[in-house]
Amino acid sequence: MRALTWHGKRDVRVETVPDPRLVEPDDLIVRITSSGICGSDLHLYELLGPYLDPGDILGHEPMGVVEYTGSEVHALKPGDRVVIPFNVSCRACPMCDRGLHSQCETTQVREHGTGASLFGYTKLYGQVPGGQAELLRVPFGNRLPIKVPDGPPDDRYVYLSDVLPTAWQAVEYADLPEGGTLTVLGLGPIGDMATRIAQHRGAGLVIGIDPVAERLTRATAHGVTCLDAGRDGAELTEAVRELTEGRGTDAVIDAVGMEAHGAPFAKAAQWVTALLPDSVAQPLMERAGVDRLTALHLAMELVRRGGTVSVSGVYGGAASPMPLLTMFDKQIQLRMGQANVWRWVDDILPLLTDADPLGVDSFKTHDMPLEEAPKAYAMFQAKEDGMVKTLLHP
Ligand code: NAD
Ligand code: ZN
């Protein structure tokens, strides 16, 4: 089959690789019809090289049609249409029972101290081949795939694999009071969808912050009050205070993660925060006198006292030192983690109707053939041509 493979920093290629095979009796093979490119893929593309091996197959936002089933699969049959959650969860262990599918004890990668295995996320997360490919082996075939109806285009459902549950969890964790105010840092696919979900769930003022003009325009079009992250931090803090009677917003969602642009020493800081353990990173950053490394530090400034910071952006390594005095003094509540996809499916599915309150049918900005995936990665990384969300099609 054809698949997108990693070969080095900013070097991904579409190659012919062996087809996946059924291994366990409850495995499925899915023929992929659409596969999203995620901001998390950019971490692998740009930053996390040390954790990849040449030939690793990327991609964790796939949907398609069941092609083969193992002998013990009874919940699905060839021809069924399915979306595959990005975390590989058994839906039967004590963590999954608590709705913490991203901490699944059956697939947890203890070697790296990480949570549940992830599709297409290399040896960091269980070395499970990804779904930017023609075919995908899916374990836990009776429980993991989300079966969706035939008929509507893939766009209607494909974001169930990651974008929708991640953004839903971000809003849930933001714990907004009725009509509350929210700042969303980062208006990529996750941040943009989080603003839509917050609006749908009755938030009052929703502020969006990003350095990319097209992304600000896109969010403004659906009623988000946008600020340009290109301005310096003090100005941003001031602007948010002005909009909130001097307090800051009830909650802030960080949908940026470790590759914030414009942070002081951004490039060096990326490496330090992504790759070094706390004990090494902290003294380095202290010596450099860097007090705001990340969007997360800005989040601590923008949130009101007693408010909540909800982190969906991925941070590797240390991302330290955190402003602990500010966090303690402002009594900030902090929640974070990989999305527990299955936990939110029943909340989200009823919204994926013709009424389309979240605008999923027009959410993507680009459709591209799998063969053009290297070009799509380069464009997404450079934020060219207004690209926000791309679906690859094998
Ligand atoms: P993305 O890379 O398109 O989004 C990041 C956005 O942040 C971009 O629009 C960028 O312009 C903006 N940005 C950069 N620096 C900024 C700054 N200083 N202030 C404000 N905005 C800034 O990708 P995405 O798909 O939306 O993903 C966003 C983050 O969410 C990534 O870190 C990704 O890994 C993470 N993610 C987490 C989960 C989860 O389960 N928690 C799932 C999917 C994605
Ligand atoms: Zn993703």
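Residues numbered from 1 in each chain as written. Chains lettered and ligands numbered in written order. Predicted model: local features only at pLDDT ≥ 70, side-chain atom pairs only at ≥ 80, totals over all residues.

## Re the site of ligand 1
Point 1. Residues in contact with ligand 1 amount to 33 residues; listed here are only the nearest, Gly39, Ser40, Gly186, Gly188 and Gly257.
Point 2. Of all the secondary-structure elements, those providing two or more residues to the shell around ligand 1 are helix H1 (39-46), helix H5 (189-200) and strand S9 (206-210).
Point 3. Ranked by residue count, the leading element in the shell around ligand 1 is H1, at four residues.
Point 4. Considering only residue class, the shell around ligand 1 consists of 17 nonpolar, 13 polar and three charged. (Near = placed C-beta within 6 Å. Helix = DSSP H or I, 4+ residues; strand = E, 2+ residues; numbered from the N terminus. Nonpolar A, V, L, I, M, F, W, Y, C, P; charged D, E, K, R; others polar.)

## Considerations on the sheet that holds S9
Point 1. Reading across the sheet, the six strands line up as S10-S9-S8-S11-S12-S13 and stay open at both edges, with parallel pairing between neighbours. Every other strand in the sheet has two partners, leaving strand S10 (225-228) and strand S13 (333-336) as the edge strands with one partner each. The mean inter-strand angle of the sheet, taken between neighbouring strand axes irrespective of direction, is 20 degrees.
Point 2. Note: S9 against S10, four bridges, orientation parallel. Paired with Ile207 across the strands is Thr225, a residue of S10. (Pairing = 2+ DSSP bridges. Axes fitted to C-alpha atoms, helices over the stretch in contact; angles between N-to-C directions.)

## Description of the packing of helix H4 (residues 163-174) against H5
Point 1. Running from N to C, H4 and H5 point in directions that differ by 60 degrees, and their axes come no closer than 8 Å. Taken together, the axis directions place H4 and H5 in an arrangement best described as oblique. Crossing of H4 over H5 shows right-handed handedness. Contacts from Val163, Leu164, Thr166, Ala167, Trp168, Ala170 and Val171 in H4 reach Pro189, Ile190, Met193, Ala194, Ile197 and Ala198 in H5.
Point 2. Its residues placed into classes, the contact of H4 with H5 shows 12 nonpolar, one polar and no charged. (Parallel < 35°, antiparallel > 145°, perpendicular 65-115°, else oblique. Left-handed = near helix turned anticlockwise from the far one by under 90°. Contact = placed C-beta atoms within 7 Å.)

## Quick look at the domain arrangement of the chain
Point 1. In terms of domain boundaries, the chain breaks down into domain 1 (2-162 + 340-393) and domain 2 (164-336).
Point 2. Contacts between domain 1 and domain 2 engage 23 residues on the former and 25 residues on the latter.
Point 3. For the side of domain 1 that touches domain 2, the secondary structure elements donating two or more residues are H1 and helix H12 (341-348).
Point 4. Element by element, the count of residues in the side of domain 1 that touches domain 2 is highest for H1, at five residues.
Point 5. Per-class residue counts for the side of domain 1 that touches domain 2 are 12 nonpolar, six polar and five charged. (Domains from an automatic or database assignment.)

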